[in-house]
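One letter stands for each residue in the lines below.
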Protein chains: 2
Amino acid sequence: MTRKWLDETEERAWRAYRRMFTLLESTLASELAEHTGLSMADYTVLSNLVEVEGRRWRLTALAEHIRWSQSRLSHQITRMEERGMVARERAEGDARGAWVVLTKAGLRAIAEATPTHLSGVRRHMIDLLTRDQLRELGDVGEIVVQHLTEDRPGPGSTMA
Amino acid sequence: MTRKWLDETEERAWRAYRRMFTLLESTLASELAEHTGLSMADYTVLSNLVEVEGRRWRLTALAEHIRWSQSRLSHQITRMEERGMVARERAEGDARGAWVVLTKAGLRAIAEATPTHLSGVRRHMIDLLTRDQLRELGDVGEIVVQHLTEDRPGPGSTMA
DNA sequence: AGTCGATACATGACACATCAACTTCATTTG
DNA sequence: CAAATGAAGTTGATGTGTCATGTATCGACT
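Residues numbered from 1 in each chain as written. Chains lettered and ligands numbered in written order. Predicted model: local features only at pLDDT ≥ 70, side-chain atom pairs only at ≥ 80, totals over all residues.

1. Description of the interface of chain A and chain B
- With 53 residues of chain A in contact, the opposing surface of chain B contributes 53 residues.
- For the side of chain A that touches chain B, the elements supplying multiple residues, two or more each, are α1 (8-36), α5 (104-124) and α6 (131-148) of chain A. (Contact = placed C-beta atoms within 7 Å. Helix = DSSP H or I, 4+ residues; strand = E, 2+ residues; numbered from the N terminus.)

2. Points about the protein's contact with DNA strand C
- For DNA strand C, the set of nearby residues contains 25 residues, the closest of which are A:Thr60, A:Ser71, A:Gly97, B:Ser71 and B:Ala95.
- The dominant element in the surface near DNA strand C, judged by the number of residues it contributes, is helix α4 (residues 70-82) of chain B, at five residues.
- When the residues that make up the surface near DNA strand C are grouped by side-chain class, the tally is five nonpolar, 13 polar and seven charged. (Near = placed C-beta within 6 Å. Nonpolar A, V, L, I, M, F, W, Y, C, P; charged D, E, K, R; others polar.)

3. Thoughts on the relation of the copies chain A and chain B
- The operation relating chain A to chain B is a screw motion whose rotation component is 180 degrees, with 0.0 Å of axial translation and a residual RMSD of 0.1 Å. The relationship between the two copies is best expressed as a two-fold rotation axis.
- Comparing contact sets, 100% of the residues at the interface of chain A also lie at the interface in chain B, consistent with an isologous, same-surface contact. (Least-squares fit on C-alpha atoms with pLDDT ≥ 70 in both.)

4. Overview of the sheet that holds strand β3 (residues 98-102) of chain A
Residues and elements named next belong to chain A.
- Pairing is antiparallel in the open sheet, where three strands are placed in the order β1-β3-β2. Among the strands making up the open sheet, the edge pair consists of β1 (56-58) and β2 (86-90). Averaged over all neighbouring strand pairs, the angle between strand axes comes to 30 degrees, with direction disregarded.
- As paired strands, β1 and β3 are joined by three bridges and run antiparallel to one another. Bridge pairing in β3 places Trp-57 opposite Val-100.
- Along the sheet, helix α2 (residues 40-50) makes contact with β1, β2 and β3, crossing β3 at roughly 90 degrees. (Pairing = 2+ DSSP bridges. Axes fitted to C-alpha atoms, helices over the stretch in contact; angles between N-to-C directions.)

5. A word on the environment of A:Leu148
- Relative to the helices and strands, A:Leu148 is located in helix α6.
- Residue A:Leu148 is classed as buried on the basis of its C-beta count, with 20 C-beta atoms lying within 10 Å.
- Excluding its chain neighbours within four sequence positions, the residues that come into contact with A:Leu148 are B:Leu23, B:Leu24, B:Thr27 and B:His124. (Buried ≥ 20, exposed ≤ 12 C-beta atoms within 10 Å, placed from the backbone.)

6. Describing the protein's contact with DNA strand D
- In the vicinity of DNA strand D there are 25 residues, among which A:Ser71, A:Ala95, B:Leu59, B:Thr60 and B:Gly97 approach most closely.
- With five residues, helix α4 (residues 70-82) of chain A is the single largest residue contributor to the surface near DNA strand D.
- The residue makeup of the surface near DNA strand D, split by class, is five nonpolar, 13 polar and seven charged.

7. Description of the packing of helix α3 (residues 59-66) of chain B against α4(B)
Residues and elements named next belong to chain B.
- Where α3 contacts α4, the two axes come as close as 9 Å, and the packing angle between them is 110 degrees. One finds that α3 runs roughly perpendicular with respect to α4. Where α3 crosses over α4, the handedness of that crossing is right-handed. Contact residues: α3 offers Leu-59, Thr-60, Leu-62 and Ala-63, while α4 offers Gln-70, Leu-73 and Ser-74.
- When grouped by side-chain class, the residues that make up the contact of α3 with α4 number four nonpolar, three polar and no charged. (Parallel < 35°, antiparallel > 145°, perpendicular 65-115°, else oblique. Left-handed = near helix turned anticlockwise from the far one by under 90°.)

8. Thoughts on the packing of α6(A) against helix α1 (residues 8-36) of chain B
- Between α6(A) and α1(B), the least distance of the axes is 7 Å, while the angle of their chain directions is 35 degrees. Between α6(A) and α1(B) lies a crossing whose hand is left-handed. On α1(B), the residues that touch A:Arg131, A:Leu134, A:Arg135, A:Leu137, A:Gly138, A:Gly141, A:Glu142, A:Val144, A:Val145 and A:Leu148 of α6(A) are B:Thr9, B:Glu10, B:Arg12, B:Ala13, B:Ala16, B:Tyr17, B:Arg19, B:Met20, B:Leu23, B:Leu24 and B:Thr27.

9. Things to note about the sheet that holds strand β3 (residues 98-102) of chain B
All names here are of chain B.
- The antiparallel open sheet is built from three strands, whose spatial order is β1-β3-β2. Of all strands in the sheet, those with a lone pairing partner are β1 (56-58) and β2 (86-90), marking the two edges. Each adjacent strand pair in this sheet contributes to an overall mean axis angle of 30 degrees, direction not counted.
- Strands β1 and β3 of the sheet are contacted by α3, whose axis makes an angle of about 95 degrees with β1.

10. What about the nonpolar core?
- Formed by 38 residues in total, the largest nonpolar core has its most connected members in A:Met20, A:Leu24, B:Met20 and B:Leu24.
- Once you skip the residues sitting within four places of it in the chain, A:Met20 turns out to touch B:Gly141, B:Val144 and B:Val145. (Core = buried A, V, L, I, M, F, W, Y, C linked by C-beta atoms within 7 Å.)

11. Some thoughts on α4(A)
Residues and elements named next belong to chain A.
- For α4, which comprises 13 residues, the first-to-last C-alpha distance of 18 Å matches the rise-based estimate of 18 Å (1.5 Å per residue) to within 8%.
- Along α4, the residues classified as buried are Leu-73, Ile-77 and Met-80. For α4, the angular spread of buried residues about the axis comes to 65 degrees, placing them on one side. Projecting away from the buried face of α4 at angles above 90 degrees are the exposed residues Ser-71, Thr-78 and Glu-82.
- Where α4 is buried, its residues contact α2, α3 (59-65), β2 and β3.
- In the segment just after α4, Gly-84 is the residue with positive phi, at about 80 degrees. (Expected span 1.5 Å × (residues − 1). Arc of directions from axis to C-beta.)

What follows is the structure in structure tokens.
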């Protein structure tokens, strides 16, 4: 039962990583909610819309990009639509499809939220680390990501 | 709008980190669910119970430890109680309080789940990294964690 | 044209998380 | 010691995610 699965260095890395995520996420989420009224889910959708040509995504493509299930995205878009931040448009040339497009209100919202959010990212993480640590973190992330995308399952995720 | 908030190195680190988490989490969650029928939430509770003296926690203490709200934990415990993995016991000496204790079934469940889970952690992350990278990751995590616990808010989190 | 299997998306039921009360007991304090 | 304050947990309403399924359309093949 008390057999060790990870040695000391490994366990320390794993625990620290996990705790970092938990704390960081909840801090960023509450700062974002407090300053802008957006949830992380909202932010994910909006920020992905704003940084793309035409400010529109096909539902499925976006879902895949942010690793959400189609269903989750569809529900989320429905709710955001009700709040006027995005709109659906029928896709020309494919009568099944639809675009999610950013509205003026959505654009305003993300424009306001971005500084808040990224300054939090900076204060609570980026600025605490050296250039080397940032590079290491990038390397580590990319290694793991690459491993996990060498075919692997699809959606069923938790966030962006 | 296209003003840069993070430089290239910073943005790469941030994106890689985030993507790593998303992928890792969903992979580990589905492997765990498939092999053991437990959710990550179940695993979090069980693993924290098993590694402590007496295999019991006071509700509030556990909630704080894993950074959940009391309410969330209470609901989760109720559901796990229905499945027979944990039980509540009234606390002696404090008639308001209650202990969550691990049951035999819960012990069996976590004993089975741990190898599955940690081998996933290993395969999908630990074994991909060098010792130095593990140490760096540990350092980075601890730096951020320390910063975020220098008073900071409480619960309102998302996971363990 | 007609069938068939895939694709794009929506939906409703259910599981889980969050939020704001609420209950019960402990502790402080005037 | 009574009243107030606070701590420990619970509960129910509501918001959000998941799963299985439904509907429409597309594309290919006959």
